[in-house]
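Next come the chains, spelled out residue by residue.
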Amino acid sequence: MSQGQASADAFFELLQSSSLSAQFQRASIKQQQRLLPIFQHRDSILYLVETSQVVVLIGHTGSGKSTQLPQYLYEAGWTADKQCIACTQPRRVAATSIARRVAQEMDCEVGQAVGYSIRFEDVTSESTRIKYMTDGMLLREMLRDPLLSRYSVIIVDEAHERSLYTDILLTVLKKVIKRRKNLRVIISSATLQAESFASFFGADTTKIISIEGRMYPVDILYLCEPAENYVETTIRTIFNVHLQEPAGDILVFLTGREEITRVCQAVADRADTVPEESGRLLALPLYAGLTQADQMRIFESTPEGMRKVIISTNIAEASVTVDGVVYVIDCGYVKLRAYDPTTKIESLVVTPTSKAAATQRAGRAGRTRPGKCFRLYTSKAWDDIIPDVTVPEIQRANLASPILQLKSLGIENIARLDMISEPPVELVIDALELLYALGALDDYGKLTKPLGERMAELPLPPMMAKVLLQSESSHCMGTILTIAAMMSVENVFYVPDNDKVSAEMEHMKFRVEEGDHLTLYNVYQAFTLRGNQSPKWAHSRFLNYKALARAVSVRKQLARYLEVLGMSVPPSDLAEIVTSESVRRCLVSGYFANVARMNADGSFGLVNGGENGSTVVWAHPNSTMFNATADWVVYSESVEMDGKVYILGITRIERDWLLEEAREYYRVEKRR
């Protein structure tokens, strides 16, 4: 062997070593960063942040604002003296996925220089300087540190989505910056709502900068005629793209889990009709109810010889970048939550998406090369039907939880609170009435001590927080802790399409006639005691192992919250002598406003302070009480789907318990 050949072999051996490969990978990442549109504006952005308290950053999808901006600030010294940069996201999956990407770019483990914090999951450390989190988590931090003194910069990302907690956060930050002149707030938005944000904070303190362009152009295509059934049109479009377009993954936007499941199944069923030379389709669902592990599957590399089809709700509209997506199929609709304070019903309403959201959807394509967006509606519908922006969530949501947090921050006069969009008076009154009935507010609208203050500290909805705090005097704290943890994770039961009968038979073994809450308790006890927290045990019983493992973690965290509040937490559920009645009575203490009475036809009539319910609801098919009989029940949530109202988290109760546990809320009227 010649010396030259030996040198060449040695070079290729070095090239394959992990350290050198890592260097090449880092070099590639740096090249990608410099190609992003935001890179050209780096110095201008840093100058504006240095000289202005509030900066509104307008950037198209794919400009790099979510990943690069915190790194620019980090490099510019905004994390000196152990200060941190916070970057809030409306969704948990965005907070976790972006944190992982930025950690990779900064060549560190998640939880070191870059970390994230979402409800019941904090992956940060003392060395964390860039912290991604949901906007709700940053608000919770303000309970301990109202002026956010550990942060030098707060980036409110995807502000154009106008999520409930984004609007609340901006409202509070406006107050904070008046007290902290050294704090910087950057509002990052993908649409031209900059003027409304700037006018809210004030022209004297706010500067606007726009980042033009995305990485590659995206062609927008419309239907010639309106679609009769957008789900069927979606399926046809997927196969048309697969058969007619060059390689590249597909991202599909639909409105909810049912549609996503239907399309995934259709793709699988019709896969055999595709010519072998066209390759196979790999359908992956994405929606909020999926486990985190299943959500993360969309980021895995597409197997060779396959085309990935990600079928998602609007969860993938913003901040979730999937490498390889070239084609977007937009059904033109979105499912939005809307709360009715009169009936106390939260509806999931399918409504046309907004132009702002549609622009976001189209922006998911064209990240690695020119892309295409297939809009399943006509250009005339775009002009005449599609609204410019989505109605802000604060104008259509149950406000009990955010108002409780605002009260705990010392903001008393909710009616006169300066907000970007004013919530309807009916929603505010409804929230205040509920908090008063729960005992969280006194006659003057102030937080009660200790109950109201403790409820605000717990990362739970107000009703469940009241139940958990009441459990101490009801002598069932261990059981309620378990129930609260199980209600804080995704559905623990799963039913595969190919083995529904076996799954139902296994699930029946856990069910108790008292209802859903004690059924969830049974599942947890079986998983931790008989199953020894084994994935194999859970899988054999058609239970979601990831959700159960998360429930174990959540329960421990909730127990720590109670201990910090000075409450005595039993070492285990077995340390208490608990009866079914004591647990169900305790549930009534928090859910007394969610009461229904069964009708002769098996439906339920909602009871809002009286005996005769006018709103008819049905037990959800996933409930233990589906097709069961019960006179009176409480429920955890209600939702309207396809014109029918369902209740979930149902437990049987006795009528007299309402008068004993909620004297201020219920009364018996004597008939003449």
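The structure displayed is predicted, hence computed values, not measured ones.

### Some thoughts on the overall build of the chain
Right, so step 1: Scanning the chain from N- to C-terminus turns up 24 helices and 21 strands.
Right, so step 2: Taken over the C-alpha trace, the chain has a radius of gyration of 26 Å; the compact-globule value for 672 residues is 26 Å, and the two agree within 12%.
Right, so step 3: Expressed as lengths along the three principal axes of its C-alpha atoms, the size of the chain is roughly 100 × 65 × 60 Å.
Right, so step 4: Here the chain holds 672 residues, and the buried ones make up 54% of them.
Right, so step 5: Within the chain, counting contacts between residues at least 6 apart in sequence, those at least 24 apart form 73% of the total.
Right, so step 6: Of the accessible surface of the chain, which amounts to about 30,700 Å², a share of 50% is contributed by carbon and sulfur atoms.
Right, so step 7: In the chain, 74 side chains carry a positive charge and 81 a negative one; their mean positions are 3 Å apart.

### Regarding the confidence of the model for the chain
Right, so step 1: On average, residues of the chain carry a pLDDT of 89, and 93% of them reach 70 or more.
Right, so step 2: When the elements of the chain are averaged for pLDDT, helix α1 (residues 3-15) gives the smallest value, 46, and strand β6 (residues 151-156) the largest, 98.
Right, so step 3: In the model, residues 10-20 has pLDDT below 50 throughout and makes 5 contacts with residues more than four positions away in sequence or in other chains.

### Describing the environment of Met-306
Right, so step 1: For Met-306, the location among the structural elements is in strand β12 (residues 306-312).
Right, so step 2: C-alpha separation for the pair Met-306 and Gly-279, spaced 27 residues apart in sequence, amounts to 5.4 Å.

### So, the sheet that holds strand β1 (residues 54-59)
Right, so step 1: Here 8 strands make up an open sheet; going across it, the order is β4-β3-β5-β2-β6-β7-β1-β8 and the pairing mixed. Strands at the two margins of the open sheet, each flanked by one partner only, are β4 (121-123) and β8 (206-211). On average, each strand axis in the sheet is inclined to that of its neighbour by 20°, with strand direction left out of account.
Right, so step 2: Bridging between strand β3 (residues 114-118) and strand β5 (residues 130-134) involves 4 bridges; their strand directions are parallel. Among the inter-strand pairings, Tyr-116 is bridged to a residue of β5, identified as Tyr-132.
Right, so step 3: Most of the contacts of helix α3 (residues 42-51) go to β8, to which it runs at about 170°, and overall it touches β1, β7 (184-189) and β8.
Right, so step 4: Sheet strands in contact with helix α6 (residues 135-144) are β2 (84-89), β3, β5 and β6, and its direction is about 105° off that of β5.

### Some points on the sheet that holds strand β9 (residues 218-222)
Two orientations exist for strands paired in a sheet by backbone hydrogen bonds: parallel and antiparallel.
Right, so step 1: Pairing in this open sheet of 6 strands is parallel, and the strands run β9-β16-β13-β10-β12-β11 from one edge to the other. The outermost strands of the open sheet, each flanked by one partner alone, are β9 and β11 (280-286). Averaged over all pairs of adjacent strands, the angle between their axes in this sheet comes to 20°, without regard to strand direction.
Right, so step 2: For β9 and strand β16 (residues 371-375), the ladder comprises 5 bridges, and the chain directions are parallel. Paired with Val-218 across the two strands is Gly-371, which belongs to β16.
Right, so step 3: Of the strands in this sheet, β11 and β12 are in contact with helix α10 (residues 257-269), which crosses β11 at around 165°.

### Structural notes on the packing of aromatic side chains
Right, so step 1: The tally for this structure, following the rule as stated, stands at 9 aromatic pairs.
Right, so step 2: Here the aromatic rings of Phe-527 and Trp-537 are separated by 6.3 Å at their centres, their planes lie at 50°, and the arrangement is tilted. With Phe-527 in helix α20 (residues 516-530) and Trp-537 in helix α21 (residues 535-540), this residue pair connects regions lying 10 residues apart in the sequence. Assigned by exposure class, Phe-527 and Trp-537 land together as buried.
Right, so step 3: Taking the centre distance of 6.0 Å and the plane angle of 65° together, the rings of Phe-527 and Tyr-545 count as edge-to-face. Placement of Phe-527 in helix α20 and of Tyr-545 in helix α22 (residues 545-564) is noted, with a sequence separation of 18 residues between them.
Right, so step 4: A residue is classified by how much of its surface remains accessible, and Phe-527, at 0% relative accessible area, is buried.
Right, so step 5: Each residue in the set Phe-510, Phe-527, Trp-537 and Tyr-545 is aromatic and connected to the rest through ring pairs, giving one cluster.
Right, so step 6: Here the guanidinium or amino end of Lys-355 rests over the ring plane of Trp-382, the centre of that ring lying 5.4 Å away.
Right, so step 7: The ring of Trp-618 is capped by Lys-644, whose NZ or CZ atom sits 4.5 Å from the centre of that ring.

### Points about the environment of Arg-162
Right, so step 1: Mapped onto the elements of the fold, Arg-162 is located in the loop between β6 and α7 (164-179).
Right, so step 2: According to the relative accessible area criterion, Arg-162 is buried, its value standing at 8%.
Right, so step 3: Counting along the chain gives 50 residues from Arg-162 to Glu-212, while the straight-line C-alpha distance between them is 22 Å.
Right, so step 4: Beyond its immediate stretch of four places on either side in the chain, Arg-162 contacts Asp-167, Gln-193, Phe-197, Pro-392, Glu-393, Ile-420 and Ser-421.
Right, so step 5: A distance of 2.8 Å separates a polar atom in the side chain of Arg-162 from a polar atom in the side chain of Asp-167.

### Remarks on the side chain of Thr-88
Right, so step 1: Positionally, Thr-88 belongs in strand β2.
Right, so step 2: Given a relative accessible area of 0%, Thr-88 falls into the buried group.

### Re the nonpolar core
Right, so step 1: Ile-154, Ile-187, Ile-480, Val-492 and Leu-562 are the most contacted members of the largest nonpolar core, which totals 112 residues.
Right, so step 2: Those residues in contact with Ile-154, other than ones at most four positions away along the chain, are Ala-86, Leu-138, Leu-148, Leu-173, Leu-183, Arg-184, Val-185 and Ile-186.

Criteria and cut-off values
Here, residues in each chain are numbered from 1, in the same order as that chain's written sequence. Only residues with pLDDT of at least 70 are given local features in this predicted model, and only at 80 or more are side-chain atom pairs given and counted; all residues enter the totals for whole chains, interfaces and linings. Only heavy atoms go into the side-chain values, all of them from the structure, while hydrogens and water stay out. Strands here mean DSSP runs of E at least two residues long; helices mean DSSP runs of H or I at least four residues long; both are numbered from the N terminus. The globule rule is 2.2 Å times the number of residues to the power 0.38, and the radius of gyration it is compared with is taken over C-alpha atoms. The rule is simple: take the accessible area with a 1.4 Å probe, protein chains only, and divide by the maximum for that residue type; under 20% is buried, over 50% is exposed, in between is partly exposed. When checking whether two residues touch, look at their non-hydrogen atoms; a contact exists if any pair is within 4.5 Å. For the accessible areas, the method is Shrake-Rupley and the probe is 1.4 Å, while residue cover comes only from the protein chains on display. Only four residue types enter the tally: Lys and Arg on the positive side, Asp and Glu on the negative side, with His and both chain ends excluded. Charge positions are represented by NZ for Lys, CZ for Arg, CG for Asp and CD for Glu. Residue-level confidence of the predictor is summarised by pLDDT, bounded by 0 at the bottom and 100 at the top. Strands qualify as paired when DSSP identifies two bridges or more between them. Only C-alpha atoms enter the line fits that serve as axes; for helices the fit covers just the stretch in contact. Angles between N-to-C directions range over 0 to 180 degrees. To pair, rings of Phe, Tyr and Trp, with the six-membered ring standing in for Trp, must have centres within 6.5 Å; the planes then decide the type, stacked if under 30 degrees apart, edge-to-face if over 60, and tilted in the middle. Here, over-ring charges are defined by two tests on the NZ atom of lysine or the CZ atom of arginine: distance to the ring centre within 6 Å, and angle to the ring normal within 35 degrees. The term polar contact refers here to a pair of N or O atoms within 3.5 Å; inside protein, the definition further demands a hydrogen-donor-capable atom paired with an acceptor-capable atom, and it admits residues adjacent in sequence only when both atoms are side-chain atoms. In these notes, a set of buried Ala, Val, Leu, Ile, Met, Phe, Trp, Tyr and Cys residues joined through side-chain atoms within 4.5 Å is what counts as a nonpolar core.

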